[in-house]
Structures are given as structure tokens and as C-alpha cells.
Amino acid sequence: MTARFPRRARLQKPGEFKAAFERGSRLNEKWLTALVVSSGDSSESRLGLAVPKKAVPRAVDRNRIKRQIRESFRTRRAAFPAMDVVILARGGCLQATPEQLSDILDRLWTRAAAKCAPSASS
RNA sequence: GGAGCCGGCCAGGCAAUCGCCGCCGCGAAAGCGGGGGAGGAAAGUCCGGGCUUCAUAGGGCAAGGUGCCAGGUAACGCCUGGGCGGCGAGAGCCGACGGAAAGUGCCACAGAGAACAGACCGCCGAUGGCCCGCAAGGGAUCAGGCAAGGGUGAAACGGUGCGGUAAGAGCGCACCGCGGGGCCGGCAACGGCAACGGCACGGUAAACCCCACCGGAAGCAAGGCCAAAUAGGGAUGGACGUAGCCGUAAGGCUACAACGCGCGGCCCGCGCGCCAUCCGGGUAGGCUGCUAAAGCGCCGCGGUGACGCGUCGCGUAGAGGAAUGGUUGCCUCGGCCCGCAAGGGCUCAGGACAGAACCCGGCUUAUAGGCCGGCUCCCACU
């Protein structure tokens, strides 16, 4: 289970996204925003992606950015507490190099995990 | 060798490893194994179909579209062949390319005049006047004639030349153009031929319009099926005064003879109140539509060709908050550096345009680098 990313580790239902957007804590970094909520039913951490067409007009770029985020999540999620995270891409994220994006994501993961750790431990 | 034209094709390669999405097999499951997993444009959504639902007796009109002819096709605004016009030295390329003799409108500015036209400059002044002269004749230009030349314009009521004339004019002639008819070739668009007619008929239809053909609407979030919980609807049956409390439940106890709601202004009255089963609608959710297709490839036959027919082989992504990727190594191409060169080195965020969403046929647009075939022109050599 080291670095897998099966289907159940994703947010799939509109309700799950809605919960993150309405109740989640917002963590802002350059180009990306994370919406974190400690996951209710699942014991694993789950990821949802929101890359709006407005922020990234071309489909190729949207796919590329989603893949980069997923890859980062996949390799690190074993250390995460049970939480639901929605990563929201904002305008300008196309200018980020893969290295920059990866750094930003690392910061977001640690911040998100810190946010959820106390509630998960209790 | 250089310059260019046309058609077709590829879309960095191999390996290791960590992942993702379907399918098949094993497994109770976790998972494991096997095999498959973006494009030539998947894009723009501009046309044409299939499929689906709704509408529709039949037919007509309208909106909208198409527009040389013939063929191909399921169909098309596509493709092929042919015709005509334009461009190019050529290979070739480009063209909304039906009708202006059905009608209506418009043709600005400039210009004298713009559609059954017109005389600014100009030319002439033969003829009739005028002046000079004896006369022959000469002169100016009043009447008048002309439209060749100048000038305007996108366009000036055929063009060029010769004759002709006072000057001119299709006035006459030759050639070219034009016209209607004839003959010949062609399925046709159209082309050719000789004679005839002195020329009549300006342009504009991406202006209205006329003619011919097409022409119902919306789209896979189409549409079909299954269907939890909660609330509500209907039917049937049962229990039964109602409310509270106790009990897992069957039921028991207490209180009131009364209550609440609906019908109604009020009373009487009537109905409902609890439980079970069934039915239909329908939400979340799930399944389906969903990929075998007007499919692709080889060969043969028919056809100038688009394409058609036949044999054989292949069977090719199906997600659904949406997979098709990350990392590393080697090679390749590119870039940069060194070198006269062969070659060597650097190891770079360098590798075009771009990501399927029901499926096909087209069109249009984007596209690094490269390969193959055919053809044209120029230069050199033999």
C-alpha cells in the first residue's frame, strides 16, 4: 500500500466535493488552494481535483496539471491522516515549472496534515 | 546540382521500475497473472448522415440553404472527371461560375452627358445668310452639322485599319467582337464550322427577385430499464372511543366522555385519527445506450478517376469529479562549443500542434523535424 492510488482514494460524488467547499479549511499557496476536511466515513486520505476551464483553458494543460497533482499525492499519501483534500487550481498555474508545483504541493500536504492530525489522533 | 509544383506517409525509439482505466482468468476478499489503452487533426463545431425521443392523414407555402455540367456516395456545402474564365515560362494553381429579353431598385464622386444619354474644350461650316472681290475665289462664324480627338469616370451606346466626307458617323469594306438561326461533335456544361444581320441588348442578383434542387424539431445531460430511505397519493383488508403512562412484545394501567383536524359563520351531523398488504408516480443511486463500425488491410476484377464488386485476413480505448502517466538509463534528432575537415565534446525545463466523452463521412484551422513517389524549369557534364 506504499504508493498506490486506487479509486477509493478519490472524491467521486458531488456531495463530497460540496462538503469540502462548504466546510473545508482553505489553505492558500501561490497558484493552488487546498480545501481540507477530516474525512468522515473513510479511514484513508482522499483527493479531489478542481481545475476550472477558466484558469486553464486548454484540455491538454488541464490533464497535465491534474496528473502532476495526483502523482504528488500518490507518492506521499501513505503518511497522511484520514482527510479529504480538494486541490483547486487558480489562474496562472500554467507558468509553474514541475519543480515549483511539486514544492508548493509539498507545503500544502504538510499544512493539511497538520490541520487534521489532532482530530484524527483523538 | 539549384529553384519549384503535386500526391502520400511518419509523428522520436528501446529497456527497467512505480502507478492509473477497462477486459479475461484465478481468488471469499485483499490481491495476483495475462492482454489492451488517444489523434492526424481526438480541436473548431461549419456541413452531411446513422441512432433516439417528440411532432406529423396527404399535400402545399414560408424561413433557411445549395447553385456551370456529368458522375461517385448513406448523404453532403464533400470528392472525381469534364467545361468556361483568370494567373503562371512551366509542372500547376485559383474561381458563390444559374438567370439582367419577368418585374422593381441602385449606379456616389467626377463629368457636358450614366440608359430609349450627352456637347465643356474641340472639328466642320458642303448648304442658306454675312463681309471682301468685276469675277474666279477668299474670310470670319450666325443658322446649322459632327462625335473622330482631348478631358471625367469602375463603366461613355462595339474595337482596329482602310475607304469615304465639309467635318464626321457601320455610311461602306476587311479582320476581331456581338446576335439570333442552321449544321457538326458531345449524355450535358460547352465547343467547332460556314453563311447571314450593320449592332439592336451598359453594370449590379455576397440588392430585392425569378428558376432548379434540398428542406419537421431537438439532441447520448437523446432515450430505455431497475429502484433504497423519507414524505405524500391510490386500493384492499383488519382493528377500533380518544389521550397519556408502563412493557422488547402480546398486552396492561390511569384519566376523560371528553379531544384534535377537515367540511361549515355556529350547532347537529358526517369523515379522518391505528395497523398490515398491494399498486402506480418518483428522488438519491445503479444498470444500459457504449462501441463490430456506411470498419481496416492485402490481392484480384471493372472504371480515365472518385469509387464499386469479390476472396482472404484482422477485429482496434470505452472513462464517467473523468484512465492512457511519473522517474531513471541508453540511443536518435535538434541546439550550443571545439576543429580547415573527418570528427569530438556539453547533457539542456530542448522534442511540433495538441488529449477521446454516442458513432461515422467531410470541410476548416494548428503543426518541430523528417521520409517516399511523380512532375516542371534552369545550369553543368557525357
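Data block above holds the structure.
No experiment lies behind these values; they were computed from the predicted model shown.

Structural notes on the pattern of salt bridges
Reasoning step 1: For the structure on display, the rule yields 8 salt bridges.
Reasoning step 2: The shortest N-O distance in the salt bridge between Glu29 and Arg111 comes to 3.1 Å. Here the residue Glu29 occupies a position in the loop between strand 1 (25-28) and strand 2 (32-37), and Arg111 occupies one in helix 3 (residues 98-121), the gap between them amounting to 82 residues.
Reasoning step 3: Residue Arg111 is classed as partly exposed on the basis of its relative accessible area, which comes to 34%.
Reasoning step 4: Ionic pairing is found between Asp61 and Arg64, a salt bridge with its closest N-O pair at 3.3 Å. Of this pair, Asp61 and Arg64 both sit in helix 2 (residues 59-76), 3 residues apart, which is roughly one turn of that helix.

Some thoughts on the protein's contact with RNA strand B
Reasoning step 1: Inspection of the region around RNA strand B gives 19 residues, with Arg7, Leu11, Arg58, Val60 and Thr97 positioned closest.
Reasoning step 2: Here the atoms of RNA strand B within 4 Å of the protein split so that 73% fall in sugar or phosphate, with bases taking the remainder.
Reasoning step 3: Between Arg10 and RNA strand B, the recorded distance is 3.4 Å, taken from a side-chain N or O atom to a sugar or linking oxygen.
Reasoning step 4: Interatomic distance of 2.5 Å between a backbone N/O atom of Leu11 and a sugar or linking oxygen of RNA strand B.
Reasoning step 5: Where the surface near RNA strand B is concerned, the elements lending two or more residues are helix 1 (14-23) and helix 2.
Reasoning step 6: Split into classes, the residues belonging to the surface near RNA strand B amount to 8 nonpolar, 3 polar and 8 charged.

Re the packing of aromatic side chains
Reasoning step 1: Tallied over the entire structure, the rule returns 4 aromatic pairs.
Reasoning step 2: For the pair Phe5 and Phe73, a centre-to-centre distance of 5.6 Å together with 70 degrees between the ring planes defines the contact as edge-to-face. Note that Phe5 is positioned in the segment before helix 1 and Phe73 in helix 2, a separation of 68 residues in sequence. Phe73 carries the same exposure label as Phe5, and that label is buried.

Re the sheet that holds strand 1
Reasoning step 1: Taken in spatial order, the 4 strands of this open sheet run 1-2-4-3, and their pairing is mixed. Of all the strands in the sheet, the pair left with one neighbour each is strand 1 and strand 3 (46-50). The average angle at which neighbouring strand axes cross in this sheet is 20 degrees, direction not considered.
Reasoning step 2: Here strand 2 pairs with strand 4 (residues 84-89) via 6 bridges, running antiparallel. Along strand 4, the bridge assignment pairs Leu32 with Ala89.

Looking at the nonpolar core
Reasoning step 1: Counting 28 residues, the largest nonpolar core has Leu32, Val36, Ile87 and Trp109 as the members making the most contacts within it.
Reasoning step 2: Looking at this core, the elements with two or more residues in it are strand 2, helix 2, strand 4 and helix 3.
Reasoning step 3: It is helix 3 that contributes the most residues to this core, 7 residues altogether.
Reasoning step 4: The contacts of Leu32, once residues within four sequence positions are left out, are Leu27, Ile87, Leu88, Ala89, Arg90, Leu101, Ile104, Leu105 and Leu108.
Reasoning step 5: Of all hydrophobic cores here, the second largest spans 8 residues; its members include Phe17, Ala50, Val86 and Leu88.

Reading the values: rules and limits
- Sequence order sets the numbering: in each chain, residues are counted from 1 along the sequence as written.
- To read the labels, note that chains go from A and ligands from 1, taken in the order they are written.
- Given that this is a predicted model, residues contribute local features only at a pLDDT of at least 70 and side-chain atom pairs are listed and counted only at 80 or more, while totals for whole chains, interfaces and linings are drawn from all residues.
- Hydrogens and water are ignored here; the side-chain numbers use all heavy atoms of the structure.
- Note on definitions: salt bridges are taken to be side-chain nitrogens of Lys or Arg within 4 Å of carboxyl oxygens of Asp or Glu.
- Strands are runs of DSSP state E lasting at least two residues, helices are runs of H or I lasting at least four, and both sets are numbered from the N terminus onward.
- For every residue, the accessible area obtained with a 1.4 Å probe (protein chains only) is divided by the maximum for its type, and the residue is called buried under 20%, exposed over 50%, and partly exposed between those limits.
- The cutoff for a nearby residue is simple: one of its non-hydrogen atoms must lie within 4 Å of the molecule or strand.
- Contacts described as polar in this section are N or O atom pairs within 3.5 Å, which, within protein, must combine one atom able to donate a hydrogen with one able to accept it, while residues neighboring in sequence count only if both atoms come from side chains.
- The nonpolar class holds Ala, Val, Leu, Ile, Met, Phe, Trp, Tyr, Cys and Pro. Asp, Glu, Lys and Arg form the charged class, and all remaining residues, Gly among them, are polar.
- Only Phe, Tyr and Trp rings are paired, with Trp represented by its six-membered ring, and only when their centres lie within 6.5 Å; those with planes under 30 degrees apart are stacked, over 60 edge-to-face, the remainder tilted.
- Two strands are said to pair when DSSP picks up at least two bridges between them.
- Axis lines are fitted through C-alpha atoms, for helices just across the contact stretch, and the angle between N-to-C directions can take any value from 0 to 180 degrees.
- Nonpolar cores are built from buried Ala, Val, Leu, Ile, Met, Phe, Trp, Tyr and Cys residues. Side-chain atoms within 4.5 Å join them into one set.
- Should any heavy atoms of two residues lie within 4.5 Å, those residues are considered in contact.

Interpretation in functional terms is not warranted from these geometric data alone.
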